[in-house]
Amino acid sequence: MPISLLHSPSRAAALASASASSSLRSQLFPFIHQRFQNRVFFTCKLPGISSCCSLVPVRAMAGTETDIQASVSSVSTGTKQALISLSDKRDLALLANGLQELGYTIVSTGGTAAALEKAGIPVTKVEQITNFPEMLDGRVKTLHPSIHGGILARRDHNHHMEALNAHGIGTFDVVVVNLYPFYDKVTSSSDISFEDGIENIDIGGPTMIRAAAKNHRDVLVVVDHNDYPGLLEFLKGNQSDKGQFRKMLAWKAFQHVASYDAAVSEWLWKQSSGGDIFPPSFTVPLSLKSTLRYGENPHQKAAFYDDKSLSLVKAGGIATSIQHHGKEMSYNNYLDADAAWNCVSEFDAPTCVIVKHTNPCGVASRVNILEAYRLAVKADPVSAFGGIVAFNTTIDEDLAREIREFRSPTDGETRMFYEIVVAPSYTPKGLEILKGKSKTLRILEAKKTGKGLLSLRQVGGGWLAQESDDTTPQDISFKVMSQQAPQEEELSDAKFAWLCVKHVKSNAIVIAKNNCMLGMGSGQPNRLESLRIAFRKAGEDAKGAALASDAFFPFAWKDAVEEACQNGIGVIAEPGGSIRDNDAVDCCNKYGVSLLFTNIRHFRH
C-alpha cells in the first residue's frame, strides 16, 4: 500500500538521502502497523539511527512512492518558514520576494499558492505539509496539527519542541493572513442569499490569525498589506523595539478578527431577529479616521472614528463626507456639521440651515436658494457669524459668490465668516469660487443621512441606544384643539416650525413664518425662558407667526401660552399631554389663537 510518512526533523536528512525508491523502501522495514478508523500507525527503525521514529498517525493516501519523498522534503529542518494565505492579494509579490530574499520558505494555500506560482515564486503548498488534501469545498485546508502546531509551539518550552519533533512538525516564523471578503459580500449592491453569506464566513483564516497573535513572541502575524514593508524591515533587523513591534502586530490581528466577527454577528442577528433592533449584546467596529488637534477644549485629546457597522454602509452622513478644502476638522466642527447636515436634510424644498453650537440659529426654505440663504442669515446674524452653513441643493457659481461676498445684516459691511460649508454637491466653478473665500474654510460634500438607524450615546459606565427620531410633519396629524382653526398658510408655518424645533436643544421654542425661522430659544431649564428668548429674536415679525414647542406646556395662564398669545402669535403647535391641557385650550380660545396638538414630543438633550 502506498503511504505518506511523517517524521521528526532530526531524522529528515537520513530519510532524504535515500534517493532511490527501492533503497528508501528497504530502510522502512521492519515496521509494525495497524489500522484504526482509516489511519495507519507506523513504527520503523532505520539503519544508522539509534532510536526509532515515534509512533504517529499517518493518513493513507493514494499515489506512488514519490508521496513518501514529498512528505519527507516538506518537513522543516531548521528552515525559516512563512505561511501566507490571502483573499486580498495586494502587494503579494513584494512580500513574497522580500521573504525569499531573507531565506524564508513560503508555504501557502490554494489561490495564494497559484498566484505565487504564476509570479514565478517558489512555494510549498499546505497539503504537502499536512499530507491531507483540501476538502469540503475548501472549508478544510489549514485546520491541521501540522499547521497549528507549527504556529502555536512556544520555542522556549522544551516539551513543546519535543512534541513537534516527535510528530515531524516544523515551525512557522511568519503568518500573513487576511480573510474572506464577508463585509464586502453582504454589503454589495446585489442581494446576497443567506447561504452565500454563510459560505463567505472565514473559519481557517481567523484561527490561524488568533493562533499566531497568541504566540506573537515567536511568530510575526500580519493582516494588513500596509504592514508588509515594516515586516520586512523588522526581519532585516532594522527595528529598535522588537518586542513592541510584535505586540502591535498581535493587537492589530486580534482587532482585525474582532471587527470581522462583529460584522458576522450583526448580519446574523438581522437574519434571525425578526426585526428586533436591540440585540442582547453587540460590538461596534470603529476604525480610526484621524487624530484631532484637541477635543471640545484644548486640554482634551481627541480622535475621530468611522463606524464600520453593516447598518451604516451607504447611510451617508458627515462621517463619510468629502472635504474639498480648508483646515482640518476639529471635534466641535464634526458635532456642528452633523447637526447642520441632519437638519437641512429633513427639508424637501431648497433650504439653508445655519448652526451654532449644534443649534440651528437660522433656517429658511425658498424656491430661490439665494433668498433662502439671506433669510437664514437674517434670522440671527450675530449667531450665524462663525457658524456652519448647510444647503440641501448643489452650490453653483451664483450661490458660491453670494456666500463669499454677503455682508452681515447687522452693519452691511462685514463679510460673513463661516467655519464650514456643507452641501450634497458643487459645480466646478462654484467650488472654485468658494475656495477663494478663505484658506481655512472647510468645504464638505455629504450624502443624505439614512433613516431607521440606531442612535447610541454614552453615559458613565454604559450606553443608551434608541431609534433615530425620523418623524416629520408628513408622518403626524396636527389636531385642532381650539375654536379657531388655522388658515392654510398658518398650518404650513406650524409644520415648518415643528420641523425646525425638532433640531433645537430642549427646552426648545421656534417661531416661524413663511417658511423662515424668525427666532428660537434653546436649552433653558424652563420653557417660559426659551419662549422669551425666541420672541426677543423674532421681534415684531412674530405677530401672526407660528410657534412650535418641543414638549407640552405645563402651565398656560400667566405663563408661556398666555404670553405667546399676548405677543400676537397666530398658531401654536405642541405635543399636548399635560394635565393642564384644557387651560391651554381655554387660553387660546380667549385670545383667538389656533392651537394644534401633535401627540409627538421632540426632546433633544
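Sequence order sets the numbering: in each chain, residues are counted from 1 along the sequence as written. Reporting of local features is limited, given that this is a predicted model, to residues whose pLDDT is at least 70; pairs of side-chain atoms are given and counted only at 80 or more, and all residues count toward the totals for whole chains, interfaces and linings. As a rule here, side-chain values come from all non-hydrogen atoms in the structure, and water together with hydrogens is ignored.

Caption draft 1: Summary view of the confidence of the model for the chain. A residue's pLDDT is simply how confident the predictor is in it, with values from 0 to 100. Mean pLDDT over the chain: 84, with 86% of residues reaching 70 or higher. Whether two residues touch is decided by their heavy atoms; if any such pair falls within 4.5 Å, the residues are in contact. Below a pLDDT of 50 lies the segment residues 1-77, which in the model reaches 124 contacts outside its immediate sequence neighbourhood of four places, other chains included.

Caption draft 2: Quick peek at the sheet that holds strand β5 (residues 105-108). For two strands to count as paired, DSSP must find a minimum of two bridges between them. Numbering of helices and strands runs from the N terminus; a helix is a DSSP stretch of H or I covering at least four residues, while a strand is a stretch of E covering at least two. Pairing in this open sheet of five strands is parallel, and the strands run β6-β5-β4-β7-β8 from one edge to the other. Strands at the two margins of the open sheet, each flanked by one partner only, are β6 (124-125) and β8 (220-222).

Caption draft 3: Up close: the pattern of salt bridges. Salt bridges are counted wherever a side-chain nitrogen of Lys or Arg sits within 4 Å of a carboxyl oxygen of Asp or Glu. Evaluated as defined, the whole model comprises 21 salt bridges. Each of R404, E405, R407 and R415 takes part in a single network of salt bridges with overlapping partners.

Caption draft 4: Spotlight on the packing of aromatic side chains. Working definition: rings of Phe, Tyr and Trp (its six-membered ring) pair if their centres are within 6.5 Å, and the pair is stacked with planes under 30 degrees apart, edge-to-face with planes over 60 apart, and tilted otherwise. Under the criterion given, the structure shown has eleven aromatic pairs. When the centroid spacing of 6.0 Å and the interplanar angle of 45° are considered together, the rings of Y373 and F391 count as tilted. In this pair, Y373 is assigned in helix α15 (residues 369-379) and F391 in strand β14 (residues 387-391), connecting sequence segments 18 residues apart. Per residue, the accessibility class of Y373 equals that of F391, and both read buried. Relative to Y418, the ring of Y373 has its centre 6.4 Å away and its plane inclined at 65°; by these criteria the two rings are edge-to-face. Separated by 45 residues along the polypeptide, Y373 in helix α15 and Y418 in strand β15 (residues 418-423) bring together distant segments of the chain. Exposure categories follow from relative accessible area, calculated using a 1.4 Å probe and restricted to protein chains: below 20% of the type maximum is buried, above 50% is exposed, and the middle band is partly exposed. Take Y373: its relative accessible area is 0%, and that puts it in the buried class.

Caption draft 5: Here's a closer look at the side chain of D218. Among the structural elements, D218 can be located in the loop between α11 (204-214) and β8. Charge convention: Lys and Arg are scored as positive, Asp and Glu as negative, and His as well as the terminal groups of each chain are ignored. Buried charge without a partner: D218 forms no salt bridge, and the closest opposite charge is R155, 4.5 Å away. For the purposes of these results, a polar contact is taken to be a pair of N or O atoms within 3.5 Å, where, inside protein, one atom must be able to donate a hydrogen and its partner to accept one; residues adjacent in sequence count only when each atom of the pair is a side-chain atom. Looking at D218, its side chain comes within polar contact range of the main-chain nitrogen of R155, at 3.1 Å. With residues up to four places along the chain from it excluded, the contact list for D218 reads A153, R154, R155, F172, D173 and R246.

Caption draft 6: Examining the nonpolar core more closely. Formed by 42 residues in total, the largest nonpolar core has its most connected members in I318 and V510. Sequence-distant contacts of V510, defined by excluding residues within four places in its chain, comprise A497, C500, V501, V504, M517, G519, M520, A546, L547 and A548. We call a set of buried Ala, Val, Leu, Ile, Met, Phe, Trp, Tyr and Cys residues a nonpolar core when their side-chain atoms join them within 4.5 Å. The next biggest cluster of nonpolar side chains, apart from the first, holds 30 residues, and it includes I395, L399, A423 and C516.

Caption draft 7: A nonpolar patch on the surface, seen in detail. Nonpolar side chains (Val, Leu, Ile, Met, Phe, Trp, Tyr) within 5 Å and like charges within 9 Å form the patches, drawn only from residues with over 30% relative accessible area and no salt bridge. Accessible surface is estimated by sampling points in the Shrake-Rupley manner with a 1.4 Å probe; for residues, cover comes only from the protein chains shown. Nonpolar side chains collect at one region of the surface, where I277, F278, F282, V284, L286, L288, Y305, L454, L456 and W463 lie side by side and expose about 920 Å² of accessible area between them. Of all the elements in the fold, those that place two or more residues in the nonpolar patch are β9 (286-292) and β17 (454-459). By the secondary structure assignment, L286 is in strand β9. Classification of L286 by relative accessible area gives partly exposed; the value is 45%.

Caption draft 8: Main features of helix α13 (residues 242-272). An expected span of 1.5 Å times one less than the residue number is assigned to each helix. Look at α13: 45 Å from first C-alpha to last across 31 residues, which is about the 45 Å you get at 1.5 Å a residue. Taken together, the buried positions of α13 are F245, R246, L249, A250, A253, V257, Y260, A262, A263, V264 and W267. Looking at the residues trailing α13, positive phi occurs at G274, about 70°.

Caption draft 9: Here's a closer look at the sheet that holds β15. If you walk across this open sheet you meet the six strands as β11-β16-β15-β14-β12-β13, and the pairing is mixed. At either margin of the open sheet sits one strand with a lone partner, and together these are β11 (322-325) and β13 (359-365). Averaged over all pairs of adjacent strands, the angle between strand axes in this sheet comes to 20°, irrespective of strand direction. Both strand β12 (residues 351-356) and β13 contribute to a ladder of six bridges, which runs antiparallel. Paired with I354 across the strands is G362, a residue of β13. Fitting a line to C-alpha atoms yields each axis, with helices limited to the stretch in contact; the angle taken between N-to-C directions then spans 0 to 180 degrees.

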